[in-house]
Amino acid sequence: MSSPFSKPELVCPAGNLPSLKAAVDAGGDVVYLGFRNASNARNFEGLNFSATEAQEGIDYAHQYGARVYIAVNTSPRPGQEKTWTSSVDLAAELGADAVILADMALLDYAKRHYPSLRRHLSVQASACNYESLEFYRREFGIDRAVLPRVLTLDDIRALGDRTSVEIEIFVSGGLCVMAEGRCWLSSFVTGDSPNMQGVCSPAHAVRFEEQQDTLDVRLDGVLINRFAPNEAAAYPTLCKGCFEAEGKQGHVMEEPYSLNVLEMLPAIMHAGISALKIEGRQRTKHYVKEVVSVMRAAVDACAADPQSYRTQTTWVERMNAVSEGGARTAGAYADEWR
Ligand code: SF4
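Participant: Could you clarify how one ought to interpret the nonpolar core in this entry?
Facilitator: One recurring pattern in soluble globular proteins is that nonpolar side chains are buried together. Grouped together as the largest cluster of nonpolar side chains are 80 residues, with contacts concentrated most on Ile169 and Met295. A total of 9 residues in this core trace back to one element, the largest contributor, which is helix α10 (residues 285-304). Leaving out residues up to four positions away in the same chain, Met295 has contacts with Leu10, Val171, Leu262, Leu265, Ile278 and Met319.

This is the structure in structure tokens:
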């Protein structure tokens, strides 16, 4: 069975209410967000939503025909499960259009308590193959899965051809090279786990130190990047650090690029993909506005006439202006190593 051409929905990030409104105003079909606790994978200080802010955001989105998905996508800590189950309860009470979950106990909880609330499998579950998607569909009735950023487009197309689960993929923002939800890098260096505390490079451990000729970036004392004066210094993550290995210095795990699939949109729309996710709940309202506007224009142009679709120079310039560490088109979708 070959995948039909389809126009996917645009799923946009919001770390606060102004960003949510910017995403809706810029044409996002969906905004995803998290509550202000460890239940979501962007648990940074100053980010995320209280119950009142989430309600205002959901009302705003619905007023303009957009939807809101709520991420409760970290793993409950033993003895603190209530933080996670009450976040699912709150998402349902506020009228969210879906919950994004990774932990099996939470998927089970949501299925039993809110059977009509859509359940999306978070990228944090790292489901990469048909059998895995089928397991989550059969046991927990997932409607959609967000695929890890380690699959090629051919892998994704093959999955879409077999599964009845809707497929969502990342189309812009930072890359994660790990089997997502399984990364121990941050835990190893800082003691804080991205999988249980929602932090990958927690802010309290990050230090930017100006030296005589360099800007050194450390994570809990470990030097992970050294920048020349005037060089753009992105927020550090360990996987994109510059290290010495086998006598060579460089980005040994992953280049510090942002994903940007503008040129691949026709192929993506022929791959049976239901939704395109923009990464960046930790980014600014300006970032959200720019990336959502560009992606909205590109998706609409490609859906209207895929044969004559061409990436506009202004789109690329606007994306590059807000991307961390420079943008790269294909990202993991075309990497040869796995
Ligand atoms: S450190 Fe890198 S590989 Fe690990 S979770 Fe963060 S982005 Fe992913």
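Participant: I tried to follow helix α6 (residues 153-162) on my own but got confused; where do I start?
Facilitator: Residues spaced three or four apart along an α-helix face the same direction, because each turn holds 3.6 residues. Of the positions making up α6, those classed as buried are Leu153, Ile156, Leu159 and Gly160. Projected down its long axis, α6 carries its buried residues within an arc of 120°, all on one side. Looking at α6, the residues exposed on the side facing more than 90 degrees away from the buried face are Asp154 and Arg162. Looking at the buried positions of α6, the neighbouring elements they touch are α5 (130-140), β7 (166-174) and α9 (265-269).

Participant: Help me understand the packing of aromatic side chains, please; the structure alone is not making it clear to me.
Facilitator: Aromatic ring pairs: the centre-centre distance and the angle between the two ring planes describe each pair. Following the criterion strictly, the structure yields 5 aromatic pairs and no others. Residues Tyr60 and Tyr64 carry aromatic rings whose centres are separated by 4.9 Å and whose planes lie at 50° to one another, so their mutual orientation is tilted. Ring centres 6.1 Å apart and planes at 40° place the aromatic pair Tyr136 and Phe140 in the tilted group. Of this pair, Tyr136 and Phe140 both sit in helix α5, 4 residues apart, which is roughly one turn of the helix. Considered together, Tyr136 and Phe140 belong to a single accessibility category, that of buried residues. Members of the aromatic cluster, each reached through a chain of ring pairs, are Phe135, Tyr136 and Phe140.

Participant: How should the side chain of Ser39 be read in this particular structure?
Facilitator: Position of Ser39 relative to the elements: it lies in the loop between β2 (30-33) and α2 (51-63). Residue Ser39 is classed as buried on the basis of its relative accessible area of 0%. Separated by 3.4 Å, the side chains of Ser39 and Ser87 make a polar contact. If we ignore the near neighbours within four places in the chain, the residues touching Ser39 are Ala71, Val72, Asn73, Thr74, Thr83, Trp84 and Ser87.

Participant: Sorry if this is basic, but what is going on with the pairing of strand β1 (residues 9-13) here?
Facilitator: Burial runs high along β1: 5 of the 5 residues are buried. With respect to chirality, the unit in which β1 leads through helix α1 (residues 17-25) into the neighbouring parallel β2 is right-handed.

Participant: In this structure, what is going on with the packing of helix α3 (residues 81-94) against helix α4 (residues 104-113)? I would like to understand it.
Facilitator: When two helices pack together, their arrangement is given by the angle between their axes and by how far apart the axes lie. Running from N to C, α3 and α4 cross one another at 35°; their axes reach a closest spacing of 10 Å. Relative to α4, α3 is oriented so that their crossing is right-handed. Here α3 contributes Trp84, Thr85, Val88 and Asp89 to the contact with α4, which in turn contributes Leu106, Tyr109 and Ala110. Looking at the contact of α3 with α4 residue by residue, the class counts come to 5 nonpolar, 1 polar and 1 charged.

Participant: What am I meant to see in the pattern of salt bridges here?
Facilitator: Side chains bearing opposite charge may pair, as long as their charged atoms lie close to each other. Summed over the entire model, instances satisfying the criterion amount to 19 salt bridges. Between Arg318 and Glu290 there is a salt bridge, and its shortest N-O distance comes to 2.9 Å. Linking Arg318 in helix α11 (residues 313-322) with Glu290 in helix α10, this pair joins segments that are 28 residues apart in sequence. One salt-bridge network, in which partners are shared between bridges, spans Glu9, Arg67, Arg118, Arg144, Glu166, Glu168 and Lys277.

Participant: How do you make sense of α1 when you look at a structure like this?
Facilitator: Burial in α1 covers these residues: Leu17, Ser19, Leu20, Ala22, Ala23 and Val24. Buried residues along α1 sit in contact with β1, β2, α2 and α10. Where α1 begins, the side chain of Asn16 points an oxygen toward the backbone nitrogen of Ser19, at a separation of 2.9 Å. Following α1 by one or two positions, Gly27 adopts a phi angle in the positive range, close to 105°.

Participant: Would you take a moment to explain the domain arrangement of the chain for this structure?
Facilitator: Once the domains are mapped, the chain shows domain 1 (9-175 + 257-333) and domain 2 (185-250). Relative to domain 2, the C-alpha centre of domain 1 lies at a distance of 26 Å. Of the residues lining the interface, 16 residues belong to domain 1; the matching set on domain 2 comes to 13 residues. Taken together, both faces of the contact between domain 1 and domain 2 bury some 980 Å²; the carbon and sulfur share is 51%. Considering only the side of domain 1, the residues that lose the most area to domain 2 are Phe44, Arg77 and Glu324, jointly responsible for 42% of the buried surface there.

So, how was this worked out
Residues numbered from 1 in each chain as written. Predicted model: local features only at pLDDT ≥ 70, side-chain atom pairs only at ≥ 80, totals over all residues. Heavy atoms only, no water. Core = buried A, V, L, I, M, F, W, Y, C linked by side-chain atoms within 4.5 Å. Buried < 20%, exposed > 50% of the residue type's maximum accessible area, 1.4 Å probe, protein only. Helix = DSSP H or I, 4+ residues; strand = E, 2+ residues; numbered from the N terminus. Contact = heavy atoms within 4.5 Å. Arc of directions from axis to C-beta. Phe/Tyr/Trp six-rings, centres within 6.5 Å; stacked < 30°, edge-to-face > 60°. Polar contact = N/O pair within 3.5 Å; in protein donor to acceptor, adjacent residues only side chain to side chain. Right-handed = clockwise from strand over helix to strand, strands pointing away. Axes fitted to C-alpha atoms, helices over the stretch in contact; angles between N-to-C directions. Left-handed = near helix turned anticlockwise from the far one by under 90°. Nonpolar A, V, L, I, M, F, W, Y, C, P; charged D, E, K, R; others polar. Salt bridge = Lys/Arg side-chain N within 4 Å of Asp/Glu carboxyl O. Domains from an automatic or database assignment. Buried area = accessible area lost by both parts, 1.4 Å probe.

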